Amino acid sequence: MNEPARRIVGTYAEYLEQERASPTKHEFRNGEIFAMAGGTPEHARLCASVGAELRAQLRGRPCAVYSSDLRVRVQATGLSTYADVSVVCGRLERDLEDNDAALNPIVLVEVLSESSEAYDRGQKFAHYRRIPSLREYVLVTRHEQRIEVFHRNEDDSWTLREARAGGGAHLEAIGCVLSVDEVYRDPLAQVATKTEG
């Protein structure tokens, strides 16, 4: 994300027109369109694992878990992007300019990569903090078993809680716990170990 593959200055309407015709996803930020890089197999597995854990725990409740195909719009800053996992509770609020963009996620999850970590922790989180409905921002580290949860407090400050192997990341806003061991469990690594032995 630091050095986008493509950068075009345009209006939001132009961005939407390009996005509808494009096989790849783009982020709209400050009047510029940034191509979003594809992920690794490890990144994809961690995203799916977090989504599956949350979906299982939210079953029967009025909350929906979305993949990175859901576009999220930050009305206060104009950012339009795709979080790795989004959770919306209650009615999905759509942007008036963009019917495919959600305005009211309660939880957003990003799986960190070397190319996006600084942006996800810094500028992107600054944009996300401007979403009134957002209560928790979750960062999943790829190179070690660590999940960070930034929780919005009543005074609009944010508190960081970390969970590592053997522990659980508590998402108070939706009453869920992400087991670090479950999120990072790789069944293919276990199969490879058995076949090698």
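Here the structure is a predicted model, which is why all the values come from computation and not from measurement.

Parameters and conventions
- Residues numbered from 1 in each chain as written.
- Predicted model: local features only at pLDDT ≥ 70, side-chain atom pairs only at ≥ 80, totals over all residues.
- Heavy atoms only, no water.
- Disulfide = S-S within 2.5 Å.
- Helix = DSSP H or I, 4+ residues; strand = E, 2+ residues; numbered from the N terminus.
- Buried < 20%, exposed > 50% of the residue type's maximum accessible area, 1.4 Å probe, protein only.
- Pairing = 2+ DSSP bridges.
- Axes fitted to C-alpha atoms, helices over the stretch in contact; angles between N-to-C directions.
- Contact = heavy atoms within 4.5 Å.
- Expected span 1.5 Å × (residues − 1).
- Arc of directions from axis to C-beta.
- Polar contact = N/O pair within 3.5 Å; in protein donor to acceptor, adjacent residues only side chain to side chain.
- Salt bridge = Lys/Arg side-chain N within 4 Å of Asp/Glu carboxyl O.

The next thing to look at is the state of the cysteines. In total, this model carries 1 disulfide according to the counting rule given. Across a sulfur-sulfur distance of 2.1 Å, Cys 63 and Cys 89 are joined as a disulfide pair. Negative torsions about the S-S bond denote left-handed disulfides, and the value of about 105° found for Cys 63 with Cys 89 makes this one right-handed. Taken together, the positions of Cys 63 in strand E4 (residues 63-66) and Cys 89 in strand E7 (residues 85-89) put the pair 26 residues apart, joining distant regions of the chain. Judged by relative accessible area, which is 24%, Cys 89 ranks as partly exposed. Not part of a disulfide, Cys 47 finds its nearest cysteine sulfur in Cys 176, a span of 17 Å.

The next point concerns the sheet that holds strand E9 (residues 107-111). Strands sit in the order E4-E7-E9-E10-E11-E12 across an open sheet of 6 strands; the sheet is mixed. At either margin of the open sheet sits one strand with a lone partner, and together these are E4 and strand E12 (158-164). The average undirected angle you get between the axes of adjacent strands in this sheet is 15°. The sheet contact formed by strand E11 (residues 146-152) and E12 spans 7 bridges and is antiparallel. Residue pairing across strands places Val 149 opposite Arg 161, the latter belonging to E12. Strands in contact with helix H2 (residues 41-58) are E4, E7, E9 and strand E10 (136-140); relative to E7, the strand with the most contacts, it is inclined by about 20°.

Moving on, we get to the pairing of strand E2 (residues 26-29). Here E2 shows a buried face lined by His 26 and Phe 28 and a second buried face lined by Glu 27 and Arg 29. Where E2 lies against strand E3 (residues 32-35), 4 bridges are found, and the strand directions are antiparallel. Within the sheet, the bridge partner assigned to Phe 28 lies in E3 and is Ile 33. Where E2 folds back on E3, the antiparallel hairpin that results is connected by 2 residues, among which Asn 30 adopts a positive phi of roughly 55°.

Okay, H2 next. Between its terminal C-alpha atoms H2 stretches 26 Å, which fits the 26 Å expected from 18 residues at 1.5 Å a residue. Along H2, the residues that are buried comprise His 43, Leu 46, Cys 47, Ser 49, Val 50, Gly 51, Leu 54 and Leu 58. One or two residues past the end of H2 sits Gly 60, with phi positive at roughly 85°.

With that settled, consider helix H1 (residues 12-21). Residues of H1 that are buried include every one of Tyr 12, Tyr 15, Leu 16, Gln 18 and Glu 19, and no others. Down the axis, H1 shows its buried residues gathered within 165° of arc, on one side only. Across from the buried face of H1, at angles greater than 90 degrees, the exposed residues are Ala 13, Glu 17, Arg 20 and Ala 21. Residues of H1 that are buried make contact with strand E1 (7-9), E2, E3, strand E5 (71-73) and strand E6 (80-81).

Turning our attention to the side chain of His 151. Turning to its location among the elements, His 151 is positioned in strand E11. Relative accessible area serves as the criterion here: at 12%, His 151 is assigned to the buried category. Of note is the side chain of His 151, whose polar atom sits 2.9 Å from the side chain of Glu 136. Apart from the residues within four sequence positions on either side, His 151 is in contact with Arg 135, Glu 136, Ser 157, Trp 158, Thr 159, Arg 161 and Glu 172.

On to the pattern of salt bridges. Should the charged atoms of two oppositely charged side chains come close, the side chains can pair. The full count for this structure, using the stated rule, is 18 salt bridges. In this structure, Lys 124 and Glu 110 form a salt bridge, with 3.0 Å as the shortest nitrogen-oxygen distance. Taken together, the positions of Lys 124 in helix H4 (residues 123-128) and Glu 110 in strand E9 put the pair 14 residues apart, joining distant regions of the chain. The residues Lys 124 and Glu 110 share a single accessibility class, namely buried. Arg 146 is paired through a salt bridge with Glu 148; the nearest N and O atoms lie 3.1 Å apart. On the accessibility criterion, Arg 146 (11% relative accessible area) is buried.

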